[in-house]
Amino acid sequence: MQSDRRLKDPGEKKKPVLILDYDGTLHDSSAIYEPAFRRTMTELQEQGWIPREEYTSEEINYWVGFTAQEMWLKFHPELSDEQRNTAGRRIGKYMMEALRTGRGRLYEGVRETLEALHQDYELVFLSNCMSDYASVHREIFGLDRWIDRYFCTGDYGFKPKEEVFEKYIREPGRQYIAVGDRMKDRRLAESCGLPFIGCLYGFGTVEELQPADALIESVSELKAAADRIRRNSRHY
């Protein structure tokens, strides 16, 4: 899904752009992912598709940020394509049900941070999700107040973020900063030559986010980190 909610004045000076990951960066998806994961695993175990096993929250949340295809191929490669697709659809279904019944949550301070950021930056959503998932979040949390454009890699066959960025987002002369909590976000920045802000409060580790131009421990630090990179980075 590509969505652009604002028509720009051709003569308007273009703002620098923040490429924002979503789950683990703005949205604490553990609130809806972990219950959906546990429910799906129980069903698969009852059907005899996978052995019975208990999972820690850490083990479950490790998979946040992976595409469904990547997750299942690594997690239970013995399943058939049909079984993996069924399991993935179930997790997605239960996550959407949780969202629609009010169990989704943004990280504390996200609304205030986005309000401050959108004064000085163009905000672009780039996530490994499907567009229907993004649409529900846009509606529930009113994200269109701040976010200018949306790109869901599921709409592009789950191509890597760097491919989606280069083909559909990058414009000559624009200034970009990538923001995220997982290695895939760091890889986007490295592949495309962008400054990178790693979010330590998400689901990644210090090791997978390095090297980063800035590491932040709460979303409330994002504006200051982005401003500092703008002032000091060779990219500008």
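The preceding data block contains the structure.
Quick summary incoming for the structure in this document. (Residues numbered from 1 in each chain as written. Predicted model: local features only at pLDDT ≥ 70, side-chain atom pairs only at ≥ 80, totals over all residues. Heavy atoms only, no water.)

**Quick word on the packing of helix 1 (residues 30-46) against helix 4 (residues 81-100)**
1) Next: Contact pair helix 1 / helix 4: the axes reach a minimum separation of 8 Å and the direction vectors enclose 140°. Classed by the angle they form, the pair helix 1 and helix 4 counts as oblique. Of the two possible hands of crossing, helix 1 and helix 4 adopt the one that is right-handed. Touching I32, Y33, A36, F37, R39, T40, M41, E43 and L44 of helix 1 are A87, R90, I91, Y94, M95, E97, A98 and L99, all from helix 4.
2) Next: Residue classes in the contact of helix 1 with helix 4 are distributed as twelve nonpolar, one polar and four charged. (Axes fitted to C-alpha atoms, helices over the stretch in contact; angles between N-to-C directions. Helix = DSSP H or I, 4+ residues; strand = E, 2+ residues; numbered from the N terminus. Parallel < 35°, antiparallel > 145°, perpendicular 65-115°, else oblique. Left-handed = near helix turned anticlockwise from the far one by under 90°. Contact = heavy atoms within 4.5 Å. Nonpolar A, V, L, I, M, F, W, Y, C, P; charged D, E, K, R; others polar.)

**Observations concerning helix 6 (residues 131-141)**
1) Next: For helix 6, the complete set of buried residues consists of Y133, A134, V136, H137, R138 and F141.
2) Next: Phi turns positive, to about 65°, at G142, one or two residues after helix 6. (Buried < 20%, exposed > 50% of the residue type's maximum accessible area, 1.4 Å probe, protein only.)

**What about the side chain of H27?**
1) Next: In this structure, H27 sits in the loop between strand 2 (17-20) and helix 1.
2) Next: Polar contacts involving the side chain of H27 include one to the side chain of D23, which spans 2.7 Å.
3) Next: Excluding its chain neighbours within four sequence positions, the residues that come into contact with H27 are Y22, I32, G104, R105, L106, Y107, Y133, H137 and F141. (Polar contact = N/O pair within 3.5 Å; in protein donor to acceptor, adjacent residues only side chain to side chain.)

**Quick notes on the packing of helix 4 against helix 6**
1) Next: Look at helix 4 against helix 6: their axes get within 10 Å of each other, and the N-to-C directions meet at 10°. Accordingly, the angle class assigned to the pair helix 4 and helix 6 is roughly parallel. Contacts from M95, M96, L99 and R100 of helix 4 reach helix 6 at D132, Y133, V136, H137, I140 and F141.

**Regarding the side chain of R174**
1) Next: Inspection of the secondary structure assignment puts R174 in the loop between helix 7 (161-169) and strand 5 (176-180).
2) Next: At a separation of 2.7 Å, a polar atom in the side chain of R174 contacts the main-chain carbonyl oxygen of K15.

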